[in-house]
Amino acid sequence: MNAEGRTRLNQMPEWTALGKHREQLGDTHLRELFAADPGRGTGYTLTVGDLHLDYSKHLVTDETLDLLRELAAAADVAGLRDAMFRGEKINTTEDRAVLHTALRAPREAVVEVDGENVVPGVHAVLDKMAAFSERVRSGEWTGHTGRRIRNVVNIGIGGSDLGPAMAYGALRSFTDRGLTVRFVSNVDGADLHEAVRDLDAAETLFIIASKTFTTIETITNATSARDWLLTELRADQAAVAKHFVALSTNAEKVADFGIDTANMFEFWDWVGGRYSFDSAIGLSLMIAIGPDRFRELLDGFHLVDEHFRTAPAEANAPLLLGLLGVWYGAFFDAQSHAVLPYSHYLSKFTAYLQQLDMESNGKSVDRDGNPVEWQTGPVVWGTPGTNGQHAYYQLIHQGTKVIPADFIGFAEPVGDLRPGLVAQHDLLMANFFAQTQALAFGKTPEEVRAEGVAEELVPHKTFRGNHPTTTVLAKELTPSVLGQLIALYEHKVFVQGAIWNIDSFDQWGVELGKVLAKRVEPALTEGAEVPGLDESSKALVAKYRALRGR
Ligand SMILES: O=P(O)(O)OC[C@H]1O[C@](O)(CO)[C@@H](O)[C@@H]1O
């Protein structure tokens, strides 16, 4: 029992029942499950908005799914979900509400935090972003020398970078090709250098994206960008107002930097960094795709929010995906989860999900501060499909690890591809369908022998199969579909955090490294003594200084 009288997860009868069920399931193969139920391929599917989800290739039966849903009920996932949507402070370690869902609520919605409806403020910022985006896109907003803006550089890191960078890549075919949009995040000066080296400063707008406006990487890059701009333009501080805008919750720090707070687009402490890209943090994306497309994206998010909030457990897609992850982590000892988009436009999708999932659920104490005795968030990894096939799929097919994987694909190619390239789409998708088939059903020794393979090679050419996958299929990668996909994963992560009883909305784990970096820096630059520096790190710092000739 915890402080609130909640039974610990691994002491719940529903958890024990799942453990017993897992034993009974043993090595049951997907071949057997499909043979026993000819309707499985169409029955184990769900539709959410434009997304078709096939979960038939999972190591589950109707009983598994019932038991998992009973676990969700016992853990009161629905209660926590409703508290989140109501604006209650479910991020208890930071005493904050968790309201990214309010960022895409319609104008007439009412969502209260501390008795105040936050929706009008959300739409006021969206309107301000739209007006600014149109001014940049039309050429009305000009730089210090009167030239129109042709380059936009977003400087931010983590949630202030990954979302817009990923979505810009995903929606490239919807972007204004007259604008160059780049993203700088790494404190390695090479990132900024490569982003601006071929740009004309007179035509460049920097968007400084930082919720706190204190993140060292972002402020360092922003300061270097300001130096670059003023040097290139041979201008004084006055030029900053025409070339820098800020996305932040911290007006004071924004003003200190020299940015006119009239050009600050605000958001709120109830938006977590990794849940923020549909807030003001999406400004670079909105400039790239235009306000109308951005609103379509928000509508896509909202559609899945409503699905998650209202769909019954049996038809609730984020609930199902969350439960499947819990199942494999707890009862198959799966350590990782692969996300494999069969769309080049989704090249950065998995990197984005890494922060969403791993910063949210990479926790080892529960909400009461007790160590957890069950697995929490998996290692999330993956790259676009066919490239992965020629790299690491070997391990998924024939390695020793259980790696549940999501395959995401589209019926139509997007964009203005030449006809010859459009024809390649069927080949891409043939790979998509072939892989999940091979992973699920494998190839038996008998099948290998029937091909006349020499006996000593039979074990090498046998595929065990039984590797679980989810297939997500949509017609086309549009702004709305991207919003739907992201919201699906956001709520999946929520479900898992709720079951594991962890706070999915704090990120104390990234703090220690930040503090230590600040302490170590003077040792590198000035050779200063750093109190408490361990022997290994001391020797490495000395080596570094020697290599730099200090
Ligand atoms: O937007 P900020 O305040 O610069 O923070 C950037 C990122 O740093 C973190 O706090 C830690 O990595 C993330 O949660 C956040 O997205």
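Cut-offs and rules
- Counting of residues starts from 1 at the beginning of each chain's written sequence and follows it residue by residue.
- For this predicted model, a pLDDT threshold of at least 70 governs which residues receive local features, and a threshold of 80 or more governs which side-chain atom pairs are given and counted, while totals over whole chains, interfaces and linings are taken from all residues.
- With hydrogens and water excluded, all non-hydrogen atoms of the structure serve as input to the side-chain values.
- A molecule or strand has a residue near it when one of that residue's heavy atoms lies within 4 Å.
- Definition of a polar contact: a pair of N or O atoms within 3.5 Å, with one able to donate and the other able to accept a hydrogen when the atoms are protein atoms, and with sequence-neighbouring residues admitted only if both atoms are side-chain atoms.
- Note that accessible areas follow from Shrake-Rupley with a 1.4 Å probe, and for residues the cover is restricted to the protein chains shown.
- Three classes are used: nonpolar for Ala, Val, Leu, Ile, Met, Phe, Trp, Tyr, Cys and Pro, charged for Asp, Glu, Lys and Arg, and polar for all others, with Gly counted as polar.
- Working definition: rings of Phe, Tyr and Trp (its six-membered ring) pair if their centres are within 6.5 Å, and the pair is stacked with planes under 30 degrees apart, edge-to-face with planes over 60 apart, and tilted otherwise.
- Here a strand is any run of E in DSSP of at least two residues, a helix any run of H or I of at least four, and the numbering for each starts at the N terminus.
- Relative accessibility thresholds used throughout: buried, under 20% of the residue-type maximum; exposed, over 50%; partly exposed, between the two (1.4 Å probe, protein chains only).
- We call a charge positioned above a ring when the Lys NZ or Arg CZ atom is no farther than 6 Å from the ring centre and deviates by at most 35 degrees from the ring normal.
- Working definition of a nonpolar core: buried Ala, Val, Leu, Ile, Met, Phe, Trp, Tyr and Cys residues. They are joined through side-chain atoms within 4.5 Å.
- Residue contacts follow a heavy-atom distance rule, with two residues in contact if any of their heavy atoms lie within 4.5 Å.

**Student:** Looking at this model, I keep getting lost on the site of the ligand. Mind explaining?
**Tutor:** Near the ligand there are 14 residues, and of these S160, S210, T212, T215 and E359 occur at the shortest range. With respect to the ligand, the backbone of G159 contributes an N or O atom lying 2.7 Å from an oxygen atom. Notes on the ligand: free accessible area 390 Å², of which the protein chains cover 88%. A per-class count over the shell around the ligand returns two nonpolar, nine polar and three charged.

**Student:** What exactly am I supposed to notice about the packing of aromatic side chains here?
**Tutor:** Any aromatic ring pair is given by two values, namely how distant the centres are and how the planes are angled relative to each other. Under the counting rule described, the total for this entry stands at 28 aromatic pairs. An angle of 45° between the planes, with centres 5.1 Å apart, marks the rings of W15 and F331 as tilted. Residue W15 is located in helix α1 (residues 13-25), and its partner F331 is located in helix α14 (residues 317-331); the two are separated by 316 residues in the primary sequence. We note that W15, like F331, is buried. Where F206 meets F244, the ring centres are 5.0 Å apart and the plane angle is 20°; that geometry is what we call stacked. Of the two residues, F206 is situated in strand β7 (residues 204-209) and F244 in strand β8 (residues 244-248); the sequence distance between them amounts to 38 residues. In this structure F244 comes out as buried when scored by relative accessible area, which is 0%. Among the aromatic side chains, those forming a connected cluster through ring pairs are Y342, W381, Y392, Y393, F407, F432 and F433. The ring of F34 is capped by R40, whose NZ or CZ atom sits 5.4 Å from the centre of that ring.

**Student:** Sorry if this is basic, but what is going on with the nonpolar core here?
**Tutor:** Across soluble globular proteins, nonpolar side chains show a tendency to be buried alongside one another. Ranked by size, the top nonpolar core spans 125 residues in total, and within it W270, F277, F349, L482 and I499 carry the most contacts. Ranked by the residues each element gives to this core, the list is headed by helix α22 (residues 479-500), at 13 residues. With sequence-adjacent residues up to four places away left out, W270 is seen in contact with A97, V98, L99, H100, A102, L103, V113, V118 and V122. Residues A201, A202, F213 and L230 belong to the second largest nonpolar core, which totals 27 residues.

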